[in-house]
Amino acid sequence: MQIYLARNNQQAGPYTLEQINQMLADQQILLTDLAWHQGMTEWKALGELTQGKLVYEPTGYVAPVSLNKTEPFANQPTIQQNQAKQNIELASLHSRFFAKIIDLLLWLPTSIILGLFLNTDQIQKLTTLQDQMLAKAQSNDVNQVLELQSQMLALFPDQAWIAMFSYIFIMLAVQAYLLSKFGQSIGKKLLKIKIVDEENNEQVSFIRVFVLRSILFIVIYRFLSLFAIVDLLFALSKKRQTLHDKLVKTKVIKQ
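Below you will find a few notes about this structure. (Residues numbered from 1 in each chain as written. Predicted model: local features only at pLDDT ≥ 70, side-chain atom pairs only at ≥ 80, totals over all residues. Heavy atoms only, no water.)

**Overview of the nonpolar core**
Next up, step 1: Judged by nonpolar contacts, the single largest core of 14 residues is most densely connected at Leu-5, Ile-20, Ile-29 and Leu-46.
Next up, step 2: Elements that contribute at least two residues to this core include exactly β1 (3-7), β2 (10-15), α1 (17-25) and α2 (46-50).
Next up, step 3: The biggest single contributor to this core is α1, with four residues.
Next up, step 4: With 11 residues, the next largest nonpolar core counts Leu-118, Leu-129, Met-152 and Ala-160 among its residues. (Core = buried A, V, L, I, M, F, W, Y, C linked by side-chain atoms within 4.5 Å. Buried < 20%, exposed > 50% of the residue type's maximum accessible area, 1.4 Å probe, protein only. Helix = DSSP H or I, 4+ residues; strand = E, 2+ residues; numbered from the N terminus.)

**Section: the environment of Lys-136**
Next up, step 1: With respect to the helices, strands and loops of the structure, Lys-136 is situated in helix α6 (residues 120-138).
Next up, step 2: Taking C-alpha positions, Lys-136 is 9.7 Å from Leu-146, a pair spaced 10 residues apart along the chain.
Next up, step 3: For Lys-136, the residues in contact, after removing those within four places along its chain, are Asp-141, Gln-144, Val-145 and Leu-148. (Contact = heavy atoms within 4.5 Å.)

**A short note on a nonpolar patch on the surface**
Next up, step 1: Residues Phe-97, Phe-98, Ile-101, Leu-104, Leu-105, Leu-108, Ile-112, Leu-116 and Phe-117 make up a contiguous nonpolar surface patch of about 890 Å² in total accessible area.
Next up, step 2: Ranked by residue count, the leading element in the nonpolar patch is helix α4 (residues 93-105), at five residues.
Next up, step 3: With respect to the secondary-structure elements, Ile-112 resides in helix α5 (residues 109-115). (Patch = residues over 30% accessible without salt bridge, like charges linked within 9 Å, V, L, I, M, F, W, Y side chains within 5 Å. Areas by Shrake-Rupley, 256 points an atom, 1.4 Å probe, with all protein chains shown as cover. Salt bridge = Lys/Arg side-chain N within 4 Å of Asp/Glu carboxyl O.)

**Some remarks on the sheet that holds β1**
Next up, step 1: Ordered by their spatial adjacency, four strands build an open sheet running β2-β1-β3-β4, and the pairing between neighbours is antiparallel. Edge positions in the open sheet fall to β2 and β4 (44-45), since each of these has one partner strand only.
Next up, step 2: In terms of strand pairing, strand β3 (residues 34-37) meets β4 through two bridges, oriented antiparallel. Each bridged residue has a counterpart across the sheet, and for Ala-35 the counterpart in β4 is Lys-44. (Pairing = 2+ DSSP bridges.)

**Comments concerning α4**
Next up, step 1: Here α4 is 13 residues long and its end C-alpha atoms lie 18 Å apart, about the 18 Å a rise of 1.5 Å per residue gives.
Next up, step 2: Buried residues along α4 sit against α8 (158-182), α9 (186-191), β5 (193-197), α10 (206-223), α12 (243-248) and β6 (250-254). (Expected span 1.5 Å × (residues − 1).)

**Quick look at the environment of Thr-16**
Next up, step 1: With respect to the helices and strands, the residue Thr-16 is situated in the loop between β2 and α1.
Next up, step 2: Put simply, Thr-16 and Met-1 are 15 residues apart on the chain and 5.7 Å apart in space, counted from C-alpha to C-alpha.
Next up, step 3: Contact partners of Thr-16, with chain neighbours within four places excluded, come to Met-1 and Gln-2.

Structure below.
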C-alpha cells in the first residue's frame, strides 16, 4: 500500500503503511495531516482514518516483513510546484526581443515631450546650437561644448521638465508594479512571457526583478555598451538566460 501525505499544500510520499504508523508513533506526522491511497475517493485527515488512534489498520491489509524509516515532508516539492514544472516552457528569443523593443519605444516620449513646449524660433535656435556643439565637439573644445549645452537646456521652460519627469516617474511606477506583481514589463505582458526564479519557477522579489535586473543593468549598459552585447550573447545558451538573468538567477518563460 502506497500512502501519500499532505500538509499546508505540501505533498510527501509515497510511504508504506508501516512507515506511516512508525511516523505516527514518533510524532513525526499529525492526525490532522491529510492522507490518500488507492481506493480512496478523496483526501482525508489521518485521524479520521485511524479513528483517533496513533495507528492505521485498514481492513484486509497484510504487512510486509521489512520497514525503512524515513522523514516526511523533507525537501518534497509542493503540489503547485509539481504541476508548474510540468507546464514550463522557455520564452522564445524573438518574443524576448520584441518585448524589449516595445519597452524601449515606450521611453521615446521623454525626448518628444520637451520639444512640444518650444515655439518655432526656439526650435530653430536649438538646431543652431546643436550644430555649433557638434562642431566644437569635433575640435575637442570641452568648455565651449558645455557652454552650448547649458544654452540648449535653458531653452526649455520649467513646464517641459515637469512634464518629462512626470512621464518618467509614471513609466517607472507602472513597470515596477507589473514586474513585482506579475514578473512582466509592459512589453513582456503584451508578448505573454514573464520572469521567474531559475530554480523553482516562482515569482521573483521586487529587489531582484526591478532594482537589480532592470535599473542596475540599465545603468551598466549606459556606461558599458560592450556589456550589452555580451549580455545578449548569453541568451543563446540552452536555458536562454542573458548574463543579467544568470547573475540575478532568473529566467524568462511563456505565460
